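# Fold and contact review
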Amino acid sequence: MIYQIHNGAVMYGGDTILSGINFEIKNNREKIAVVGRNGCGKTTLLKLITGEVDLAKRDSDEDIYIAKTGNPQIGYLKQMAFADDTVTLETEVKKVFEPIRAMQRTMDDMVARMQTDHSEKLLEQYTRLQEQFNYIGGYYYEKEYEIVLKKFGFTDEDKKKPLSDFSGGQRTKIAFVKLLLEKPDILLLDEPTNHLDIETVEWLEGYLKDYPRAIVLVSHDRMFLDNIVETVYEIEYGKMTRYSGNYTKFIELKKEAYEKQKKDYEAQQKEIKRLRDWVEQWKNTPTKVATARSKLKAIEHMEIVEAPDRYDTKSFKASFVPLRETGKDVLFVKDLGIGYDKLLETVNLDMKKGEKIGIIGGNGIGKSTFLKTLVGTVEPLSGEFKYGVNVDVGYFDQQMAQYTSDKTVIDDYWDMFPNLTETEVRSDLGAFLLRGDDVFKQVSMLSGGERVRLALCKIFKTGPNFLILDEPTNHMDIVGKETLESMLKDFAGSVIFVSHDRYFVKKVASRLLEFTSDGVKTYDFGYEEYEEKRNGGNDSKIDFGASKKQEAVTEQPKSSQNAYNNPGKERSKIQKKMEKLEEQISGLEDTIAAKKDELQNPAYASNYSKLTEIQGEIDAAEENLLNLMDEWGELDKSLSELG
């Protein structure tokens, strides 16, 4: 145990925010996630660990305390002001290495002294100091400095710029870089993936997984949690519960615990009813009085099983149907140059009805600009795009989370849909958790998440059949993201969206566009294909365990481990590809049937050039169909071999 809170509680203004806090970091490398709904107290817990918030004093016989082993350094990222804005980024960040440099100077002095002083005492001192030097990263800090800065998007030119040249978001990143490089014994992170692109998130994930200290992490990024943590604390209904495993395991264990408690509760209630019914039937029979009393005593001595709390899954819900259907072709983009003063990307895309296309890529590379171009708020630099027949666009801009108005929520919504009754307005808003007195709040008083829900409510009410969404899950908790995932997967129309949430992208997108510095790449089989094909180089991996002693150790070959294939994973990939091919085959069969019907059109009976053109299209489609069916057959054979 390196840190523990026992029977803690936190109060604000007489209101209990958290109670029964039993939290423990069991070892110096434990990776812990704290999860729960927005506003449940996750950030409050982090502030309690840092000492910014105190434990509530209570009149109780219970032991209430915070215990630590030694004096662990606790690091927590805050919006911080730097002491001197005139210093360069490089100078500011390298301040964290002063303890390492001071230790290096001491070790150099010791080496010089050992030329004449051969005592065991000096050698032992040097050995202890060398171990400490290795522990704080002395043998790899310069490489780590370069890698971390690069991964957070800072260039060699940026290193020489004064801090005053950087935006608020960049300054937060600089503070984050400093925190990581300081290597606190307990690293506290509150939504660390916010505003990071997928590539940076994946790098940070690997960095934190190998981080040689303890981490307490608050995040709504489920894949991030799955790949890092080994322990999950859930805050629900103001209380904390500890689960062993990553986020997915936590969900399994929570469900198992709920089902077990529910089963035990129902069994006990059934037994209590049986005993009481027996007592009620025989209580007035003299020969049964003693037995009746014993059965009542049995009930009294039972350890009562409480009914389990239902999952706190309260979220917005709306089953919306497009007002009309589109044709098969939804969006056609040809050589579309996007950007403002200069070209960012050139995009080509042929989007069909019902497709869900995700867009990923680095920050500032053109993803949002592409969506703005599609809705007409940014002019294209070159090329063209056109929508299909009956396409009605619903557009969500990430700036909608900053939308403000002095109107109340109900008036703001009602003004947009004046023909609705008050009952209809309140029903619509209620479906997105804007209910009760919340509808009389000014829009300017809403949280970011509430504003997002208000914006989505307005968009869905218009009945679009083509959704264009820019970072729709920002400001949402995990339950909110899962709800939106389900809505989009069930949506009968088409969707194109930008997101940095990999789990969300993986669940929703049937096809993927990646915006890169080398152009736009397409992954027809979604996020899994992207994972397969992306480069997995280790040039940016930091070996936290490197030391002069370890450099001499020869690592055992890992070829057998790397050669292992997961049959279940391979089977899943093949099945997904087969499903995609089946969709394409079905589409081609429909096309061929339609073209053959067109051949029978009396209007073309004497138009031999048109008939030849149609027959050529049929021949090309049938050849393509045969190729797809051959490919499907090969995959089916591979699937059979896997068993």
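Reading the values: rules and limits
Residues numbered from 1 in each chain as written. Predicted model: local features only at pLDDT ≥ 70, side-chain atom pairs only at ≥ 80, totals over all residues. Heavy atoms only, no water. Helix = DSSP H or I, 4+ residues; strand = E, 2+ residues; numbered from the N terminus. Buried < 20%, exposed > 50% of the residue type's maximum accessible area, 1.4 Å probe, protein only. Contact = heavy atoms within 4.5 Å. Pairing = 2+ DSSP bridges. Core = buried A, V, L, I, M, F, W, Y, C linked by side-chain atoms within 4.5 Å. Domains from an automatic or database assignment. Phe/Tyr/Trp six-rings, centres within 6.5 Å; stacked < 30°, edge-to-face > 60°. Lys NZ or Arg CZ within 6 Å of the ring centre and 35° of its normal. Axes fitted to C-alpha atoms, helices over the stretch in contact; angles between N-to-C directions. 1 Å grid on protein atoms, 1.4 Å probe; cavity = no way out; pocket = protein on both sides within 12 Å on 5 of 7 lines; lining within 4 Å. Points joined across faces, edges and corners; volume = space filled by probe spheres on them. Salt bridge = Lys/Arg side-chain N within 4 Å of Asp/Glu carboxyl O. Parallel < 35°, antiparallel > 145°, perpendicular 65-115°, else oblique. Left-handed = near helix turned anticlockwise from the far one by under 90°. Nonpolar A, V, L, I, M, F, W, Y, C, P; charged D, E, K, R; others polar.

Within the chain one finds 22 helices and 18 strands. Seen through its C-alpha atoms, the chain measures out along the principal axes to roughly 105 × 100 × 65 Å. Here the chain, with 643 residues, has 44% of them falling under the buried criterion. The contacts in the chain between residues at least 6 apart in sequence include a share of 71% that link residues at least 24 apart.

All right, on to the pairing of strand S12 (residues 356-361) then. Of all six residues that make up S12, six are buried, and the element is covered over most of its length. Burial of S12 is two-sided: the residues Lys 356, Gly 358 and Ile 360 facing one way and the residues Ile 357, Ile 359 and Gly 361 facing the other way are all buried. By the bridge criterion, five bridges tie S12 to strand S17 (residues 511-516) in an arrangement that is parallel. Pairing of Ile 357 across the sheet is with Arg 511, part of S17.

This part takes up the nonpolar core. Core analysis: the largest hydrophobic core is formed by 52 residues, its most contacted members being Phe 152 and Leu 208. Top contributing element to this core by residue count: helix H7 (residues 168-182), with seven residues. No fewer than three residues from each of domain 1 (1-73 + 184-245) and domain 2 (91-173) sit in this core. Residues within four places of Leu 208 in sequence aside, it is in contact with Lys 31, Leu 180, Leu 187, Leu 189, Ile 215, Phe 224 and Ile 228. In this structure, Tyr 413, Leu 429, Leu 446 and Phe 491 belong to the second largest nonpolar core, which totals 43 residues.

Among the residues of helix H5 (residues 141-151), Tyr 141, Glu 144, Tyr 145, Ile 147, Val 148, Leu 149 and Lys 151 are the ones counted as buried. Within two residues after H5, Gly 153 carries a phi angle of roughly 90 degrees, on the positive side.

What follows is about the packing of aromatic side chains. A complete count under the given rule lists 20 aromatic pairs for this structure. Relative to Phe 166, the ring of Phe 154 lies with its centre 5.9 Å away and its plane at 85 degrees, an arrangement referred to as edge-to-face. Pair noted here: Phe 154 is in the loop between H5 and helix H6 (156-159) and Phe 166 is in the loop between H6 and H7, with a separation of twelve residues, a long-range link. The same class applies to Phe 154 as to Phe 166, namely buried. Considering the side-chain rings of Phe 432 and Phe 460, the 6.0 Å spacing of their centres and the 40 degrees angle between planes classify their relative orientation as tilted. Residue Phe 432 is located in the loop between helix H14 (422-431) and helix H15 (448-461), and its partner Phe 460 is located in helix H15; the two are separated by 28 residues in the primary sequence. The two residues Phe 432 and Phe 460 agree in class, both being buried. Here the aromatic residues Phe 152, Phe 176, Trp 203, Tyr 207 and Tyr 211 are joined through ring pairs into a cluster of three or more. When the ring centre of Tyr 135 is taken as origin, the NZ or CZ atom of Arg 213, which lies over that ring, is 3.9 Å away.

Here we take up the sheet that holds strand S9 (residues 239-244). Taken in spatial order, the six strands make up an open sheet running S5-S6-S7-S3-S8-S9, and their pairing is mixed. Looking along the sheet, the strands with just one partner apiece sit at the ends: strand S5 (74-76) and S9. Put simply, the sheet's adjacent strands are angled 20 degrees from each other on average, direction ignored.

Attention now goes to empty space enclosed by the protein. In the structure shown here, the tally under the stated rule is three cavities of 30 Å³ or more. In this structure, the largest cavity spans a volume of roughly 40 Å³. Every residue along the wall of the largest cavity is listed here: Phe 525, Glu 528, Glu 529, Glu 532, Lys 573, Lys 576 and Lys 577. Looking at the lining of the largest cavity, the elements that each hand over two or more residues are helix H18 (527-533) and helix H21 (567-599).

The domain architecture assigned to the chain consists of domain 1 (1-73 + 184-245), domain 2 (91-173), domain 3 (251-301), domain 4 (329-525) and domain 5 (567-642). Here the C-alpha centroids of domain 2 and domain 5 sit 61 Å apart.

Residues other than glycine predominantly adopt negative phi, and peptide bonds predominantly adopt the trans conformation. With a phi angle near 55 degrees, Asn 7 is a residue other than glycine that sits in the positive phi range. Its place among the elements puts Asn 7 in strand S1 (residues 3-12). With a relative accessible area of 15%, Asn 7 lands in the buried category. The phi torsion at Asp 335 lies on the positive side, around 50 degrees, for a residue other than glycine. The residue Asp 335 is located in strand S10 (residues 329-339) in this model.

What follows deals with the sheet that holds strand S11 (residues 343-352). Taken in spatial order, the three strands make up an open sheet running S11-S10-S13, and their pairing is antiparallel. Edge positions in the sheet fall to S11 and strand S13 (382-387), since each has one partner strand and no second. Here the average twist between neighbouring strands, direction ignored, is 15 degrees. Relative to S13, S10 runs antiparallel, the two being bridged by five bridges. Paired with Val 333 across the two strands is Phe 385, which belongs to S13. Here helix H12 (residues 367-374) sits on the sheet in contact with S10, S11 and S13, set at roughly 120 degrees to S10.

Secondary-structure assignment places Ala 605 in the loop between H21 and helix H22 (608-642). On the basis of relative accessibility, which here comes to 56%, the residue Ala 605 falls in the exposed class. Taking C-alpha positions, Ala 605 is 51 Å from Gly 361, a pair spaced 244 residues apart along the chain.

Side-chain pairing between opposite charges can occur once the charged atoms of the two side chains come close. Scanning the entire structure with this criterion turns up 40 salt bridges. One salt bridge in this structure joins Asp 264 and Lys 260, with 2.8 Å as the shortest N-O distance. Pair noted here: Asp 264 and Lys 260 are both in helix H10 (residues 247-282), with a separation of four residues, about one helical turn. By relative accessible area, which is 31% here, Asp 264 ends up partly exposed. One salt-bridge network, held together by shared partners, links Arg 222, Lys 481, Glu 485 and Asp 501.

Let us look at the packing of helix H13 (residues 409-416) against H14. Look at H13 against H14: their axes get within 10 Å of each other, and the N-to-C directions meet at 110 degrees. Judged by the angle between their axes, H13 and H14 are roughly perpendicular. Here the hand of the crossing between H13 and H14 comes out right-handed. Here Val 409, Ile 410, Tyr 413 and Trp 414 of H13 lie close against H14, whose contacting residues are Glu 422, Val 425, Arg 426, Asp 428 and Leu 429.

For the rest of this paragraph, the subject is the layout of surface pockets. Take a probe with the size of a water molecule and roll it over the atoms, and the empty space left behind shows itself. By volume, the second largest pocket amounts to about 1,100 Å³. The wall of the second largest pocket is formed by 30 residues, among which Glu 355, Ser 510, Lys 580, Glu 583 and Gln 584 lie closest to the centre. Looking at the lining of the second largest pocket, the elements with two or more residues in it are helix H16 (478-490), helix H17 (502-508) and H21. At twelve residues, H21 tops the list of elements feeding residues into the lining of the second largest pocket. Within the lining of the second largest pocket, the residues separate by chemical class into five nonpolar, eight polar and 17 charged. Counting the residues that make up the lining of the second largest pocket, at least three belong to each of domain 4 (329-525) and domain 5 (567-642).

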